[in-house]
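Okay, here's what each chain looks like letter by letter:
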Amino acid sequence: MSAVNGTIAADEQGETPDVVARAQQGDADAFEALYRRNAGRVYGLCLRMLGEQNAAEELTQDVFVRAWQKLSLFRGDSAFSTWLHRLAVNVVLQHLRSRKRRESRLKLTDDVTTLAGSVGPAHVGKRMDLEKALDTLPEGARTVFVLHDIEGYKHAEIADMTGTAVGTSKAQLHRARRLLREVLA
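Throughout what follows, the structure given in this document is the object of discussion. Just so it is clear, the model here is predicted, and its values are computed rather than measured. Every residue gets a number counted from 1 within its own chain, in the order that chain's sequence is written. It should be noted that, the model being predicted, local features are given only for residues of pLDDT at least 70 and side-chain atom pairs only at 80 or more, the latter also being counted only at that level, while totals for whole chains, interfaces and linings use all residues. Here the side-chain values reflect all heavy atoms present in the structure, with hydrogen atoms and water set aside.

**Comments concerning the side chain of serine 169**
Relative to the helices and strands, serine 169 resides in helix α8 (residues 166-184). Residue serine 169 is classed as buried on the basis of its relative accessible area of 1%. Two N or O atoms form a polar contact when they lie within 3.5 Å of each other; inside protein one atom must be a possible hydrogen donor and the other a possible acceptor, and for residues adjacent in sequence the pair counts only when both atoms belong to side chains. Polar side-chain contacts of serine 169 include one of 2.8 Å to the side chain of histidine 155. Two residues qualify as a contact provided that any one of their heavy atoms is within 4.5 Å of a heavy atom in the partner residue. Residue contacts for serine 169: discarding those within four places in its chain leaves Val144, His155 and Ile158. Numbering goes from the N terminus for both helices and strands, where a helix is a DSSP run of H or I of at least four residues and a strand is a run of E of at least two. Burial classes follow relative accessibility: with a 1.4 Å probe on protein chains only, a residue under 20% of its type's maximum area counts as buried, one over 50% as exposed, and anything between as partly exposed.

The structure is reproduced here in structure tokens:
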């Protein structure tokens, strides 16, 4: 680290303890440095878990608003990016639970025209990329697949985060992998 204008410059990670400490004291420039360093990763996580670009953008902003509000709770036991990642997972899971409650109150319809465009024909001879294939997964299977196979969480951690049993997490992962193999074949 080198001194720049009398302060310690942030390392290439943008997460020196000094930058985090200044952000905790209300320094907006320091928090902006943390935002710039971590926004892409948070957005990618949100996009993979939700499969919707607009929702991912909205929740990325929500994650950083909550991070700003809860920054005083960061103790430095781990890297700031690790703490932020867990916060992002929790925000997405909370959003999914909330959306599920809202959707359960919606009235179902027999009008199939409202579904037009939601299911398109399979493109013969073209391989889907993983991101598009993830979009085809049911919500629970996608969540477990992203958390386990992409983000590296263990089944016990996923079960704790989602409020399900370890066996459910394993079953959802098996289902997700099977469905992905079918879609990508």
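**Some points on the packing of helix α6 (residues 139-150) against helix α7 (residues 155-162)**
Where α6 meets α7, the axes come as close as 10 Å, and the angle between the chain directions of the two elements is 135°. Considering their axes alone, α6 and α7 lie oblique with respect to each other. Read as a crossing pair, α6 and α7 show a hand that is right-handed. For the pair α6 and α7, contact is made by Thr143, Val144, Leu147 and His148 and by His155, Ile158, Met161 and Thr162, respectively. The convention used is that axes are lines fitted to C-alpha atoms, helices contributing only their stretch in contact, and that angles between N-to-C directions extend from 0 to 180 degrees. Throughout this description, any angle smaller than 35 degrees is read as roughly parallel, any larger than 145 degrees as roughly antiparallel, any in the 65 to 115 degree range as roughly perpendicular, and the remainder as oblique. What makes a crossing left-handed is the near helix being turned counterclockwise from the far one by less than a right angle; a clockwise turn instead makes it right-handed.

**Structural notes on the nonpolar core**
Residues Phe80, Trp83 and Leu84 are the most contacted members of the largest nonpolar core, which totals 45 residues. Listing elements by their share of this core, those giving two or more residues are α1 (17-24), α2 (28-50), α3 (53-70), α4 (80-104), α5 (130-135), α6, α7 and α8. In terms of residue count, the dominant contributor to this core is α4 (10 residues). In contact with tryptophan 83, not counting residues within four places along its chain, are Ala67, Lys70, Leu71, Phe74 and Ser78. We define a nonpolar core as any set of buried Ala, Val, Leu, Ile, Met, Phe, Trp, Tyr and Cys residues linked to one another through side-chain atoms lying within 4.5 Å.

**Description of α8**
With 19 residues, α8 extends 27 Å from end C-alpha to end C-alpha; this agrees with the ideal 27 Å at 1.5 Å per step. Among the residues of α8, those classed as buried are Ser169, Leu173, Ala176, Leu179 and Leu180. Viewed along the axis of α8, the buried residues span an arc of 135°, placing them on a single side of the element. Seen from the buried face of α8, the exposed residues on the opposite side, beyond 90 degrees, are His174, Arg181 and Glu182. Close packing links the buried residues of α8 with α5, α6 and α7. Given the number of residues in a helix, its expected span is that number minus one, multiplied by 1.5 Å. The directions considered for the arc are those from the helix axis to the C-beta atoms.

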